[in-house]
Amino acid sequence: MNNPFESEKGVYSVLMNGEGQHSIWPAFLDAPSGWTVIYGEESHQLCLDYINSRWTDMRPNSLKPQVKEQ
């Protein structure tokens, strides 16, 4: 049996949770509780490219410095 999370021929979505963390998820599965689809349905590589271009600070949002409004 093939792993649906690592199939080069699969169709995927990119998910994000409330902490700003990203995950690649098989498009045929519903997003788990607490996660939202933000990109897809695309190839595994396009989803990786999307994540790599946008999720540059791997810290959870709760650990990032807060920006004060002036």
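Overview of the structure. Here the structure is a predicted model, which means the values were calculated and not measured. (Residues numbered from 1 in each chain as written. Predicted model: local features only at pLDDT ≥ 70, side-chain atom pairs only at ≥ 80, totals over all residues. Heavy atoms only, no water.)

1. A word on a nonpolar patch on the surface
Okay, so step 1: On the surface, a cluster of nonpolar side chains totalling about 300 Å² of accessible area is made up of F5, F28 and L29.
Okay, so step 2: Counting through the fold element by element, F28 comes out in the loop between strand 2 (22-26) and strand 3 (35-42). (Patch = residues over 30% accessible without salt bridge, like charges linked within 9 Å, V, L, I, M, F, W, Y side chains within 5 Å. Areas by Shrake-Rupley, 256 points an atom, 1.4 Å probe, with all protein chains shown as cover. Salt bridge = Lys/Arg side-chain N within 4 Å of Asp/Glu carboxyl O. Helix = DSSP H or I, 4+ residues; strand = E, 2+ residues; numbered from the N terminus.)

2. Thoughts on the packing of aromatic side chains
Okay, so step 1: Tallied over the full model, the rule gives two aromatic pairs.
Okay, so step 2: Between F5 and W25, the aromatic rings sit 5.1 Å apart at their centres with planes inclined by 75°, giving edge-to-face as the arrangement. With a gap of 20 residues between them, F5 in the segment before strand 1 (12-17) and W25 in strand 2 connect regions that are remote in the sequence.
Okay, so step 3: By relative accessible area, F5 is classed as partly exposed at 34%. (Phe/Tyr/Trp six-rings, centres within 6.5 Å; stacked < 30°, edge-to-face > 60°. Buried < 20%, exposed > 50% of the residue type's maximum accessible area, 1.4 Å probe, protein only.)

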